[in-house]
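Spelled out, the chains give:
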Amino acid sequence: MGTERIMERRRDLGRRLAHGFLAVTLLVPAAAVAIGAASSDGVAEAAPVAIDIPAPGPLGAVTVFGDSVLLGSALYGPTLPDRLAERGWGPIRFRAGEGYNTRSTGDFSAGNWFRRWRAEGWDAPNVLVNLGANDSGICVTDFACARTSIQRVIDEIGPGHRIWWPQITRFYTKFPEQENWNRALRQFADERSDFTTWDWPAELSQYPSPDGTHLSPDGYRARSVRMAEVFTRDMARGTRVGGDAVLPSAGRSPSTFVSLPSTRIVDTRSDGSGPLAPGTPRRVDFADAVPDGTTAVALYLGSARATTNGFFTATPCGETSDASTVNYRTSTPIGAPTIVALGTGDDVCVSSSGASDLVVDLQGAFTGSPDGLTLTPLGTPRRLVDTRGAARPAELVVAVPAGASAVAVNLTAVRASENGFLSAYPCGTPTEAANLNFRTGGAWAASAIVQVSDDDTICVRANVSTDIAVDITGTFGTGPGLRFVPVAPTRAIDTRDATGGWGPIHGAGQTFDIRVAPPDASAVTGTLTIVNPFDSSFVSAEPCAGSTATSSANAGQGAVIANSVTVGVTGAGRLCLTASTAGHTLFDTTGWWVP
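Residues numbered from 1 in each chain as written. Predicted model: local features only at pLDDT ≥ 70, side-chain atom pairs only at ≥ 80, totals over all residues. Heavy atoms only, no water.

With that settled, consider the side chain of Ser551. With respect to the helices and strands, the residue Ser551 is situated in the loop between strand E28 (537-543) and strand E29 (553-555). With relative accessibility at 8%, the residue Ser551 sits in the buried group. Setting aside residues up to four positions removed in sequence, Ser551 forms contacts with Arg383, Asn410, Thr412, Asp471, Phe538, Val539 and Ser540. (Helix = DSSP H or I, 4+ residues; strand = E, 2+ residues; numbered from the N terminus. Buried < 20%, exposed > 50% of the residue type's maximum accessible area, 1.4 Å probe, protein only. Contact = heavy atoms within 4.5 Å.)

A few words on the sheet that holds strand E19 (residues 420-426). Strand pairing in a sheet takes place through backbone hydrogen bonds and is either antiparallel or parallel in direction. Spatial ordering of the open sheet is given by E17-E22-E19-E20, a layout of 4 strands whose pairing is antiparallel. Sheet topology places strand E17 (395-399) and strand E20 (436-438) at the edges, where each strand pairs with a single neighbour. In this sheet, adjacent strand axes meet at a mean angle of 20 degrees when their direction is disregarded. Here 5 bridges tie E17 to strand E22 (residues 457-462), and the two strands are oriented antiparallel to one another. Residue pairing across strands places Ala399 opposite Thr457, the latter belonging to E22. (Pairing = 2+ DSSP bridges. Axes fitted to C-alpha atoms, helices over the stretch in contact; angles between N-to-C directions.)

Our focus in this paragraph is the pairing of E22. With 6 of its 6 residues buried, E22 lies for the most part within the structure. Here E22 shows no split at all, with Thr457, Cys459 and Arg461 on one side and Ile458, Val460 and Ala462 on the other all buried. Here 5 bridges tie E19 to E22, and the two strands are oriented antiparallel to one another. Its bridge partner being in E22, Tyr425 is matched across the sheet by Cys459.

Glancing now at unusual backbone geometry. The omega angle of the peptide bond from Gly90 to Pro91 is -5 degrees, so this bond is cis rather than trans. Mapped onto the secondary structure, Pro91 falls in strand E3 (residues 89-96). Even without glycine at this site, Asn532 takes up a positive phi of about 50 degrees. Within the element layout of this structure, Asn532 appears in the loop between strand E27 (523-531) and E28.

On to the pattern of salt bridges. Close approach of charged atoms lets side chains of opposite charge pair. Applying the stated criterion across every chain, the model contains 34 salt bridges. Arg170 serves as the salt-bridge partner of Glu177, at 2.9 Å between the closest nitrogen and oxygen. Between Arg491 and Asp494 there is a salt bridge, with its nearest N and O atoms 3.4 Å apart. For the pair formed by Arg491 and Asp494, the shared burial category is buried. (Salt bridge = Lys/Arg side-chain N within 4 Å of Asp/Glu carboxyl O.)

Now for the state of the cysteines. All chains considered together, the criterion is met by 4 disulfides. A sulfur-sulfur distance of 2.1 Å marks the disulfide that ties Cys139 to Cys145. On the sign convention where negative means left-handed, the S-S torsion of about -65 degrees between Cys139 and Cys145 marks this disulfide as left-handed. Judged by relative accessible area, which is 4%, Cys139 ranks as buried. Shown here is the disulfide that connects Cys544 with Cys576, its sulfur atoms set 2.1 Å apart. For the disulfide bridge between Cys544 and Cys576, the dihedral angle about the S-S bond is near 115 degrees, and by the sign convention the bridge is right-handed. One end of the pair, Cys544, is in the loop between E28 and E29; the other, Cys576, is in strand E31 (residues 574-579), with 32 residues separating them in the sequence. What makes Cys544 partly exposed here is its relative accessible area of 27%. Disulfides within the protein chain link the bonded cysteines, taken in sequence order, as 1-2, 3-4, 5-6, 7-8. (Disulfide = S-S within 2.5 Å.)

What follows is the structure, encoded as structure tokens:
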């Protein structure tokens, strides 16, 4: 009979949540009795729900603990633990109930359960805490009380854990209590690297809520999906799970760079050859377009009128690669710069995983000429200009290091008013050739090697209004410097399958140290690709010698975007990649630079 009464109480809680009749459970001072206490017959007003998912997941174990706000995520499936498991977490231990709180003692207290679990051998490194609807009613607007309550849970969890704690919502008349509690959560997030808070109040309006705190059944189902997504975005971490990827062989001679006027070599929309299809590489002949002795070419590779999602891979003809050069989506024109070694017939072969037209622009060549330019990489990349917060000039004049003949830069367009393009050139010699094609929303980036004017400047111009950031990674000049050794594109890291030793994800703020070149190299060129980030993201590629405020590739939520990178490396040919948001990161080496 007791079990039947408990299940009936649980069903009653579900009905009250569904119809909005469940009052906000508050632990109020002294004499008041909170909902969730035992009734006179010893049966709980609403039974807590415990869910254990024992299966391990690649992202690791999670403890989930919360009050009645979290309880609906267990009553209406798929539950929050189900959604976390779908994302790759596990094992998972979940417990939620009415009246659960931040206290150290008592059946409903966080301290009681964390100590009990630890005694049982359960101590997950990742902890999701959803408490505060009750405790905020005790603290009211006492900020020290809110701080003390939250700190008590942090202390019970103990060091060596990472905590994710959503901010709370209350009925509108209790907004001061809500904001007092949430301000304390935000302060802990600012102070601690192991504490993250989610701005749930900013999202509540998207969910049906009868009281500003609890949700309808469909609202709880949707919140479980969203919580699992945001928890993974904020908490997922990659680890070193294997060794470095094998480097490609260097079968070509070191070469210097020769800038060439931008020339369209292929446009399948107009040359009658038709779009590329899977399994049929397109040979591009450069014999009549580059100097004798050319070992590699600097290209802009573009996709147009794609009828499927896919990617292009550019390789020396006669060689194969599992790398990618440009990722495209249906009906979305996009392109990326790249440097590709030539085959024995002075050719490059472009294969496609889907159906798309191909555009190839030639921008430079690498030759054995002693008159070509050599590279001097910066010790750390540096931001030269960022117009955000300032005026947007029609032509942006950018000062570069004195004496350079050309510079290796990364151009980023941010918050554009409409679709457009950027052109970079020596000041005084404007061009209509595009270095970057961008779209509205988010940030779009492309690298370029740009010649420098006599007054040590380059100019950047957009055809529509947009903010512009310019980062420099190296300078080019005559004489001593580094020469380029082109190789077949070779994957150095892919967090999706742990190529290069890192997986199963690239976490927000994480830096991965990878080998991309041999020990005698001082710089590398390759294609950096961001895959399906959980939010708008950028990845910085830099020598493993300290962090910079630059970006190397940018991608919107769920996008797949590539960019070419030329940047210095540290000893043993190592490069560091830092992601701003969790997602997957790929890097394909296309060559390195040696003295």
